[in-house]
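Architecture at a glance
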Amino acid sequence: MATDEKSVAALLDVPLKVAIPLQKIVPWAIFGVVFMGLAYYFVGAEQGATSIFSGMSIHEFVHDARHLLGFPCH
Amino acid sequence: MVGQLVFRGFIVGIVAGLLAFGWAKTFGEPAVAVAINFETAQHEAEAAAAVAAGKPRPPDDPVIFSRAVQSGIGLLTGMVVAGAGLGCLFAILFAFANGRVGNLGPGPISILIALFGLISVYVVPALKYPANPPSVGEPDTIKYRTGLYFLMMAISIATTLGALRLRRSLAPRYGSWNGSLLALGAYLVVIAAAFTLLPGINEVPATFPAVTLWNFRIASLGIQTVLWGSIGVMFGYVGAWASRQ
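Please read all numbers here as calculations on a predicted model, not as lab measurements.

Glancing now at the packing of helix 4 (residues 142-174) of chain B against helix 5 (residues 176-197) of chain B. Residues and elements named next belong to chain B. The contact between helix 4 and helix 5 brings their axes to 7 Å, and the two run at 155°. Regarding the angle of helix 4 to helix 5, the classification is roughly antiparallel. In the crossing of helix 4 with helix 5, the sense of the turn from one axis to the other is right-handed. Taking contact as the criterion, the partners of Met152, Ile155, Thr159, Ala163, Leu166, Arg167, Leu170, Ala171 and Tyr174 in helix 4 are, on helix 5, Ser176, Asn178, Gly179, Ser180, Leu182, Ala183, Leu184, Ala186, Tyr187, Val190, Ile191 and Ala194. For the contact of helix 4 with helix 5, a count of residues per class yields 15 nonpolar, five polar and one charged.

What follows is the structure, encoded as structure tokens:
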């Protein structure tokens, strides 16, 4: 392929001619949304408004990140 | 290909989380420290008043992790986990947008996703329900406040997606400029309605230092900007790399 000769930086501004088909994106999209949801949930809300695990150790451990990322903490 | 993008998004997100930690440590933690001293002083004053009135001293909050852990490895963990989650989602948004949005290369697309993401996931929800340091907010209303915050976030994200869709359908008929303005107008109407209809939350203690509150909120905005911004810049390179594959 001719594009192999180009450096990555040179391709930053070159539009993609063929988009990735939606069927290939959807399974990963489900994974991405679930993973992002879990990450945000444990940093942002677990052992605050709702609890999956009992106790306060997750809440207390990510306490500062929860406040500084803008989530209501306690 | 999409799996490769997601994996790289995960790595980029972790790096962004480390950068956000650096920002949080430098600009956020001083305000958190002031807020926690305020909280401790308030609790001590309440305890002294209770003892003076002949009542039992209210219990201190149990210390599970020291402040050093909370402001160190705990803060780092929170930032990195949030960054990793954001990075994965970013990869999905990029996979969808790349080649579908105008005539833009992977670099500008990545930056646009970061900009729209920062505004819809953080800035707009925070304009209604701003970040609060420790000792701001009644513990009794945490469920209510968290519910409202996530509701505002959902409305904000849905409105951005709706406006982008609207712009796309209006552009052929009214032209790119007018179509964009109409979509922006519709966006502002919905957000203004949400800001007006959702209840306000004002639980800042009367004597809490205003400067600390301001510094804390600005630090929070900075952290989110570093998080989204660095993912946007780094993922531009990931996208350009993907073009070669």
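We are not done yet, so read on.
Below, the discussion takes up the nonpolar core. Phe94 and Ile231 of chain B are the most contacted members of the largest nonpolar core, which has 68 residues in total. Broken down by secondary-structure element, the contributors of at least two residues to this core are helix 1 (22-44), helix 2 (57-61) and helix 3 (63-69) of chain A together with helix 1 (2-52), helix 2 (67-97), helix 3 (106-128), helix 4 and helix 6 (210-244) of chain B. Per element, the largest residue contribution to this core is 17 residues, and it comes from helix 2 of chain B. Apart from residues lying up to four places away in sequence, Ile231 of chain B is in contact with Val12, Gly13, Ala16, Leu86, Gly87, Phe90 and Ala114 of chain B. One finds Ala163, Ala183, Tyr187 and Ile191 of chain B within the second-largest nonpolar core, a separate group that totals five residues.

Quoted interface sizes are often the accessible area lost when the parts come together. Tallying the contact residues gives 45 residues for chain A and 59 residues for chain B. Those elements that provide at least two residues to the side of chain A that touches chain B are helix 1, helix 2 and helix 3 of chain A. When residues of the side of chain A that touches chain B are assigned to their parent elements, the largest contribution, twelve residues, is made by helix 1 of chain A. Each residue belonging to the side of chain A that touches chain B can be placed in one class, and the counts come to 30 nonpolar, eight polar and seven charged.

Relative to the 33 Å expected for 23 residues at 1.5 Å per residue, helix 1 of chain A spans 30 Å between its end C-alpha atoms, a close match to the ideal helical length. Bending of helix 1 of chain A peaks at approximately 30° at the position of Trp28 of chain A. What helix 1 of chain A keeps buried is the set Ile25, Gly32, Met36, Ala39, Tyr40, Phe42, Val43 and Gly44 of chain A. At its buried positions, helix 1 of chain A is contacted by helix 2 and helix 3 of chain A together with helix 1 and helix 2 of chain B.

Here we take up the environment of Ile58 of chain A. Residue and element names in this part refer to chain A. Along the chain, Ile58 falls in helix 2. Expressed as a C-alpha distance, the spacing of Ile58 and Gln47, which sit eleven residues apart in the sequence, is 6.9 Å. If we skip the residues at most four places from it in the chain, Ile58 touches Phe42, Glu46, Gln47 and Phe53.

Here we come to helix 1 of chain B. Residue and element names in this part refer to chain B. With 51 residues, helix 1 should reach 75 Å at 1.5 Å per residue; the first-to-last C-alpha distance of 66 Å falls well below that figure. The sharpest bend along helix 1 comes to roughly 50°, located at Gly28, with the proline Pro30 sitting one to four residues further on. Count one or two residues on from helix 1 and you reach Gly54, which has phi positive near 80°.

The predicted model of chain B has a mean per-residue pLDDT of 95, with 100% of residues at 70 or higher. Complex prediction metrics read pTM 0.93 and ipTM 0.92.

The next point concerns the packing of helix 1 of chain B against helix 6 of chain B. Residue and element names in this part refer to chain B. Running from N to C, helix 1 and helix 6 cross one another at 165°; their axes reach a closest spacing of 8 Å. Classed by the angle they form, the pair helix 1 and helix 6 counts as roughly antiparallel. Between helix 1 and helix 6 lies a crossing of right-handed hand. Partitioned by chemical class, the residues of the contact of helix 1 with helix 6 number 22 nonpolar, eight polar and one charged.

Parameters at a glance
Residues numbered from 1 in each chain as written. Chains lettered and ligands numbered in written order. Predicted model: local features only at pLDDT ≥ 70, side-chain atom pairs only at ≥ 80, totals over all residues. Axes fitted to C-alpha atoms, helices over the stretch in contact; angles between N-to-C directions. Helix = DSSP H or I, 4+ residues; strand = E, 2+ residues; numbered from the N terminus. Parallel < 35°, antiparallel > 145°, perpendicular 65-115°, else oblique. Left-handed = near helix turned anticlockwise from the far one by under 90°. Contact = placed C-beta atoms within 7 Å. Nonpolar A, V, L, I, M, F, W, Y, C, P; charged D, E, K, R; others polar. Core = buried A, V, L, I, M, F, W, Y, C linked by C-beta atoms within 7 Å. Buried ≥ 20, exposed ≤ 12 C-beta atoms within 10 Å, placed from the backbone. Expected span 1.5 Å × (residues − 1). Bend = angle between axes of the 7 residues up to and from the residue. pLDDT = per-residue confidence, 0-100.

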